[in-house]
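# Observations on chain architecture
Single-letter residue listing:
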Amino acid sequence: MSSLSSLRSDAPPARPLPSPSAAGRPLRLALCLSPLLVAAVWGLTHRSLLYEGFTRLSRAEPAWLLAAAACTCLTWVVAACMRQGAVPDRLPPGLLLASQFAAGAANHVLPAGLGAHAVTVRFLRTRGVPLERATASVALYSVARSGAKAIVLIGFLLSSSAWRRLGELLPDGVVLVPVAAVVTLAGVATAVVRPLRRPLTGLVRCALTDARTVHARPSRVLALWGGATAMPLVQASVLACTGEALGLGLSWTEVTLAYLAAGTAGGAVPVPGGVAVDAALVFTLAAFGSPPAVATATVIGYRVLTDWVPLLPGALVLSAMIRAKVL
């Protein structure tokens, strides 16, 4: 009890929220029920994939599935460490971990991780963090995660000869032209349109200030960059353990390199639920020599463990946190 009281005393006070009115109750009820509705609709539309994934997993080796489940749980811990490392404020560890678990359900609604970022921003706001600084922490989190993942990928490419099998995943010039055009237009619009330039300038200034503050504290640096480096390795370990359970026939190094390459190639397509990444991942595992049927079953098993099984509990936690006004 003393440790809990000290934890509560150290945590910043939650920002007071207005008392709910009769007019606002239907909106709050809709927010509470919407994650459950999304989970139900998603399960009905993907019931064939759910059946196939659970059927194959029921025949897999339980020990490797247990190891994959343990690595899945570790991903939420790593995500919570990264979120804490991205803000100077001290956050309550239990609620922060619960918010990252709930954020997984929100990712099935919005693409490119926007659901998790929205949940995190709302959580930081209720902990008294201003909106500009909460948004800046999301930017710092994204930069650290992308940068660390690129470094890990380069390390695997330099240390393994298996990268030669990934030539077909590299985009050609025709694909890069529209991407470069979109980036150029966005940059020009930001520089020319004043209503866009002013808030972006303020966000960049706030992000740089918080980045200097965070990197002046070794504990925050370790939480942010250590977690960003560990995240792709832990996620690849989930895939590798699932592959071992289903007889994929690839080493951990090959599976990790395939995961990193597929995430880089498929992550450019902003589709909810990681559909583009899954397609690239099946292709990459097959390129490394795995039978396509086993590669498909492995990716389905990976999604069952990381997304489908936690979806309903995550939606329940999300709804409970909204009802408790933590979000």
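An account of the accompanying structure is given in this report.

Conventions we followed
- Residues numbered from 1 in each chain as written.
- Predicted model: local features only at pLDDT ≥ 70, side-chain atom pairs only at ≥ 80, totals over all residues.
- Heavy atoms only, no water.
- Core = buried A, V, L, I, M, F, W, Y, C linked by side-chain atoms within 4.5 Å.
- Buried < 20%, exposed > 50% of the residue type's maximum accessible area, 1.4 Å probe, protein only.
- Helix = DSSP H or I, 4+ residues; strand = E, 2+ residues; numbered from the N terminus.
- Axes fitted to C-alpha atoms, helices over the stretch in contact; angles between N-to-C directions.
- Parallel < 35°, antiparallel > 145°, perpendicular 65-115°, else oblique.
- Left-handed = near helix turned anticlockwise from the far one by under 90°.
- Contact = heavy atoms within 4.5 Å.
- Nonpolar A, V, L, I, M, F, W, Y, C, P; charged D, E, K, R; others polar.
- Expected span 1.5 Å × (residues − 1).
- Salt bridge = Lys/Arg side-chain N within 4 Å of Asp/Glu carboxyl O.

Grouped together as the largest cluster of nonpolar side chains are 30 residues, with contacts concentrated most on Leu239, Leu250, Val255, Tyr259, Leu260, Leu281 and Leu285. Of all the secondary structure elements, the ones that give two or more residues to this core are helix H4 (62–85), helix H7 (131–159), helix H10 (218–246), helix H11 (252–266), helix H12 (275–287) and helix H13 (292–323).

A separate point is the packing of helix H6 (residues 114–126) against H7. Their axes nearest at 9 Å, the elements H6 and H7 cross at an angle of 140 degrees. The angle between H6 and H7 places the two elements in the oblique class. For H6 against H7, the interelement crossing comes out right-handed. Contact residues: His117, Val121, Leu124 and Arg125 in H6; Leu131, Ala134, Ser137, Val138, Tyr141 and Ser142 in H7. Per-class residue counts for the contact of H6 with H7 are six nonpolar, three polar and one charged.

So, about H7. For H7, which comprises 29 residues, the first-to-last C-alpha distance of 42 Å matches the rise-based estimate of 42 Å (1.5 Å per residue) to within 8%. Here H7 has its buried residues at Ala134, Ala136, Ser137, Val138, Leu140, Tyr141, Ala144, Ala148, Val152, Leu153 and Phe156.

For the rest of this paragraph, the subject is the pattern of salt bridges. Enumeration according to the criterion identifies three salt bridges in this entry. A salt bridge links Arg303 to Asp307; its shortest N-O distance comes to 2.7 Å. Note that Arg303 and Asp307 are positioned in helix H13 at a spacing of four residues, about one turn of the helix. Judged by its relative accessible area of 16%, Asp307 is buried.

With that settled, the discussion passes to the side chain of Thr256. With respect to the helices, strands and loops of the structure, Thr256 is situated in helix H11. Taking the relative accessible area as the measure of exposure, Thr256 reaches 0% and is therefore buried. What Thr256 contacts, discounting residues up to four positions off in sequence, is Phe156, Leu233 and Ala236.

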